[in-house]
Amino acid sequence: MIPTFVFVHGSGSSAHSWTAIQREMAARGHRTLAIDLPGRGAGFTRAYHEQDLEAFAAEPSTMSDVTAGDFVRQVVEAVQRVRHHGPVFLVAHSFGGLPVTAAANAVPELIDRVVYIAAQCPVDRAPGEYPASPAWSSSALFPATAPLLVGDPSRQGFVRVNWRGADRAQRDALRQAFAAELTEEEFLQIVVTSQPDEVFWLTGQEWDLRADKDSWGRIPRTFVRLTQDRSMPLAAQDLYIAEGDALTPDNPFDVHDLASSHAGFFRRPAGLTAILDGLSVRAGAGSR
């Protein structure tokens, strides 16, 4: 049976980010579904679009009320909807690894493979503890985004980034952090659709979405290492892999390397789609 690939985006993103990947996958004969996590895909406010910074800073956000359960439920429901068509390959990028890991804990019997693309896969510690670890010390993510933060996340209950407020120097810093191999014009195609608001997920027990040995641990899994990633350094990616393998040594990650930055593969999808296509072929296009 032909599997369905369910794509889950990362932070500051939406289902739109997977468009080029889905087009390439369709050309290879695959069925795909890209989902919007809660608060995504609704467009932008007038204040953000017009860069009315005073109004933008004062606007409330739906993300302040979104819970970890909302994120996980969105992924689980997507898996349940497509499962009747056959096998399900659940694919996560970056922050999307958190709800995907929790969904795999919840409904392992409905998922035939989990694929992490430089995605967070907490095992030994809470998700918010990883960025503070030595493995993340070389990340360019935080220095590049800090100047664009609007307001105080701890007070407002969400993170707001004014992507469109970046001047040329700041845009170049963002490009170097997220997609250094892309031209400025290619990178702008990513920035223009980036979502300004995100959950303040680094705090709160409910976001402690660690992999469970007896559920998540029994699903075949793949990790795609992005070897040119300056946002999630290779050391951080390797830490997730090592912890997952130690949790279930009889079911280790199937690891693939992709010469890409953290987001560059979205605009140059051939390498990733070849890996995903290969996983389907190896699985014999059948369910477990």
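Our structure's up above, just so we're on the same page.
Please read these numbers as outputs of a predicted model, since none were measured by experiment.

K.L.:
Would you mind going over helix α11 (residues 270-282) with me for this structure?
P.N.:
Residues lying three or four places apart along an α-helix face the same way, a consequence of the helix completing one turn every 3.6 residues. Compared with an ideal rise of 1.5 Å per residue, which puts 13 residues at 18 Å, α11 spans 18 Å between its outermost C-alpha atoms and is within 8% of the ideal. Among the residues making up α11, those that are buried are L272, T273, I275, L276, D277, L279 and S280. Next to the buried residues of α11 lie β1 (4-8), α1 (19-27), β3 (88-93), β4 (113-117), β7 (221-226) and β8 (254-258).

K.L.:
Quick question: what am I supposed to make of the nonpolar core here?
P.N.:
In globular proteins that are soluble, nonpolar side chains generally tend to be buried together. Ranked by internal contacts, the top residues of the largest apolar core, which has 88 residues, are F7, W18, L90, I117, F265 and L272. Looking at this core element by element, the count peaks at eight residues for helix α4 (residues 68-83). Contacts of F265, omitting those with residues within four sequence positions, involve W18, I21, H93, I117, E181, L226, L258, S260 and L272.

K.L.:
What should I look at first to understand the sheet that holds strand β2 (residues 31-35) in this one?
P.N.:
Strand order in this open sheet of six strands is β2-β1-β3-β4-β7-β8, and the pairing throughout is parallel. A single partner strand is all that each edge strand has here, and the edge strands are β2 and β8. In this sheet, neighbouring strand axes are inclined to one another by 20° on average, regardless of whether the strands run parallel or antiparallel. Note: β4 against β7, four bridges, orientation parallel. Along β7, the bridge assignment pairs V114 with R221. Across the face of the sheet, helix α5 (residues 97-106) comes into contact with β1, β3 and β4 while running at roughly 150° to β3.

K.L.:
Would you mind going over the side chain of S133 with me for this structure?
P.N.:
Here S133 shows up in the loop between β4 and α6 (141-145). One polar contact links the side chain of S133 to the main-chain carbonyl oxygen of Y130, over a distance of 2.6 Å. Beyond its immediate chain neighbours, meaning those up to four positions away, S133 contacts R125 and L239.

K.L.:
Just checking my understanding: could you explain the pattern of salt bridges for this structure?
P.N.:
Where side chains of opposite charge bring their charged atoms close, a pairing between them can arise. In this structure the tally under the stated criterion is 15 salt bridges. The residue R175 makes a salt bridge to D172 at a minimum N-O spacing of 2.9 Å. In this pair, R175 and D172 both sit in helix α8 (residues 168-178), three residues apart, roughly one turn of the helix. Here R175 falls in the buried class, since its relative accessible area comes to 15%. In this structure, R225 engages D238 in a salt bridge whose closest nitrogen and oxygen atoms are separated by 2.8 Å. Taken together, the residues R225 in strand β7 and D238 in helix α10 (residues 234-247) connect sequence positions 13 residues apart. Taking relative accessible area as the criterion, R225 reaches 14% and is therefore assigned buried. Among the residues examined, D238 registers a relative accessible area of 31% and is labelled partly exposed. A network of salt bridges, in which partner residues are shared, links R168, R171 and E184.

K.L.:
Just checking my understanding: could you explain the environment of R40 for this structure?
P.N.:
Locating R40 in the fold gives a position in the loop between β2 and α2 (46-50). Taking the relative accessible area as the measure of exposure, R40 reaches 9% and is therefore buried. For the pair formed by R40 and S139, sequence separation is 99 residues and the distance between their alpha carbons is 25 Å. With residues near it in sequence (within four places) discarded, R40 still touches H9, G12, S13, S14, M63, Q195, D197 and E198. Separated by 3.2 Å, the side chain of R40 and the backbone oxygen of S13 make a polar contact. Of note is the side chain of R40, whose polar atom sits 2.6 Å from the backbone oxygen of D197.

K.L.:
Hey, could you run me through the side chain of E198 in this one?
P.N.:
Along the chain, E198 falls in strand β6 (residues 197-199). Taking the relative accessible area as the measure of exposure, E198 reaches 6% and is therefore buried. Here S11 takes part through its side chain, which lies 2.9 Å from a polar atom of the side chain of E198. For E198, the residues in contact, after removing those within four places along its chain, are S11, G12, R40, M63, F71, F95, F158 and V159.

K.L.:
Where do I start with unusual backbone geometry in this structure?
P.N.:
A negative phi holds for most residues other than glycine; trans holds for most peptide bonds. Unusually for a residue other than glycine, Q51 sits at a positive phi of about 55°. Within the secondary structure, Q51 sits in the loop between α2 and α3 (53-58). Residue S94 is not a glycine yet carries a positive backbone phi of 55°. Tracing the backbone shows S94 in the loop between β3 and α5.

K.L.:
Looking at this structure, how should I read the packing of α1 against α11?
P.N.:
Each packed pair of helices is defined by two parameters, the angle between the axes and the distance between the axes. Close contact between α1 and α11 brings their axes to 10 Å; oriented N to C, the two are set at 50°. Considering their axes alone, α1 and α11 lie oblique with respect to each other. Relative to α11, α1 is oriented so that their crossing is right-handed. For the pair formed by α1 and α11, the contact residues are I21, E24 and M25 on the first element and L272, T273 and L276 on the second. For the contact of α1 with α11, the class distribution of residues is four nonpolar, one polar and one charged.

Rules behind the numbers
- Residues numbered from 1 in each chain as written.
- Predicted model: local features only at pLDDT ≥ 70, side-chain atom pairs only at ≥ 80, totals over all residues.
- Heavy atoms only, no water.
- Helix = DSSP H or I, 4+ residues; strand = E, 2+ residues; numbered from the N terminus.
- Expected span 1.5 Å × (residues − 1).
- Buried < 20%, exposed > 50% of the residue type's maximum accessible area, 1.4 Å probe, protein only.
- Contact = heavy atoms within 4.5 Å.
- Core = buried A, V, L, I, M, F, W, Y, C linked by side-chain atoms within 4.5 Å.
- Pairing = 2+ DSSP bridges.
- Axes fitted to C-alpha atoms, helices over the stretch in contact; angles between N-to-C directions.
- Polar contact = N/O pair within 3.5 Å; in protein donor to acceptor, adjacent residues only side chain to side chain.
- Salt bridge = Lys/Arg side-chain N within 4 Å of Asp/Glu carboxyl O.
- Parallel < 35°, antiparallel > 145°, perpendicular 65-115°, else oblique.
- Left-handed = near helix turned anticlockwise from the far one by under 90°.
- Nonpolar A, V, L, I, M, F, W, Y, C, P; charged D, E, K, R; others polar.

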